[in-house]
Amino acid sequence: MLLSLLPLPLLALLPTLTTAVIVTQTLTSTITGSAASPTSSAATSDQYTSDSTFRSTILNGTNTYRSEHNATSLSWNASLATYALDWANKCQWAHSHGPSGENLAKNYANVTDAVDGWGYERTKYDFGNGGFGEGTGHFTQLVWKGTTTVGCARVDCAGNAGGNVEGWFVVCEYYPPGNVEGQYREEVGREMNKLLIQGKGEVERYAAYIHDKMNGAARGGLSWGSLLTLGVGFGTSLVL
């Protein structure tokens, strides 16, 4: 049982706790519109000019966000990368509407910033209700649990007369594709490693214990549902 996880001193305190413990999750966010593009830097990053650095930067950045939202790491898919390059070469600021999920970015100073542009959309995402959002679709595809592979390409579109993109253009393809209507709440996990705890005295100790469980031990079996049940039973509130 969940109560067996608590230290004996805290078990004795639980019936007397009256002050609410507030555990506030910090939220830090179909194929949607493309990410906003800041001003490019004068120097070209080797994240664009080196094939190996570009690939590792994409994977490292993507999988960092995925780990923060309880999604497994993606592996590189050469076929998707070839498709992405074909579309990127057109320098068109639009989606290809192919069979895979797709994220676009342009004019970022480096590839890390491009991935962060997608990832930072989590600050605007409604984890409680889920669903499609024009300003959060890159993020939801980035961390979609059912996606297993990614392939990306980048092209310097400066001087390309046939396109409408100026500067570096990044295209990433994901398979299986995400952003499937009706699956958001199951496929897009909350960010579990940033919690703000408020409380005093023994209540604060109890909150700290829950914090530790939710950021480590909890992953082995302590669920949000069980924490909510515990909170209801002992005057402890979780604000999600």
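Everything below is about the structure shown above.
What you are looking at is a predicted structure, and each value in this text was computed from that prediction instead of being measured.

(A) Representation of the overall build of the protein chain within the structure. Across its full length, the protein chain carries nine helices and seven strands. For the protein chain, the accessible surface area stands at approximately 11,200 Å², while carbon and sulfur atoms represent 55% of it.

(B) Structural detail: the pattern of salt bridges. Overall, the coordinates contain three salt bridges when judged by the stated rule. Of the charged contacts, one joins E191 and R122 as a salt bridge, the two residues approaching to 3.5 Å between their closest N and O atoms. With a gap of 69 residues between them, E191 in the loop between helix 7 (184–187) and strand 6 (195–198) and R122 in the loop between helix 5 (111–119) and helix 6 (137–143) connect regions that are remote in the sequence. E191 sits in the buried class, given a relative accessible area of 0%. One network of salt bridges, in which partners are shared, links E68, R122 and E191.

(C) Layout of the nonpolar core. Within the largest apolar cluster, 28 residues are counted, with the highest numbers of intra-cluster contacts made by I58, W76, W118, V150, C172 and V188. The set of elements that each furnish at least two residues to this core consists of helix 3 (51–68), helix 5, helix 6, strand 4 (149–156) and strand 5 (168–175). A88, V155, F169 and V171 belong to the second largest nonpolar core, which has 11 residues in total.

(D) The state of the cysteines, seen in detail. Applying the stated criterion across every chain, the model contains two disulfides. At a sulfur-sulfur separation of 2.1 Å, the disulfide partner of C91 is C157. The chirality of the disulfide connecting C91 with C157 is left-handed, given an S-S dihedral of about -90°. Taken together, the positions of C91 in the loop between helix 4 (78–88) and strand 3 (101–106) and C157 in the loop between strand 4 and strand 5 put the pair 66 residues apart, joining distant regions of the chain. Judged by relative accessible area, C157 falls into the buried class, the value being 0%.

So, how was this worked out
- Residues numbered from 1 in each chain as written.
- Predicted model: local features only at pLDDT ≥ 70, side-chain atom pairs only at ≥ 80, totals over all residues.
- Heavy atoms only, no water.
- Helix = DSSP H or I, 4+ residues; strand = E, 2+ residues; numbered from the N terminus.
- Areas by Shrake-Rupley, 256 points an atom, 1.4 Å probe, with all protein chains shown as cover.
- Salt bridge = Lys/Arg side-chain N within 4 Å of Asp/Glu carboxyl O.
- Buried < 20%, exposed > 50% of the residue type's maximum accessible area, 1.4 Å probe, protein only.
- Core = buried A, V, L, I, M, F, W, Y, C linked by side-chain atoms within 4.5 Å.
- Disulfide = S-S within 2.5 Å.

Bear in mind that shape data such as this cannot, by itself, settle questions of function.
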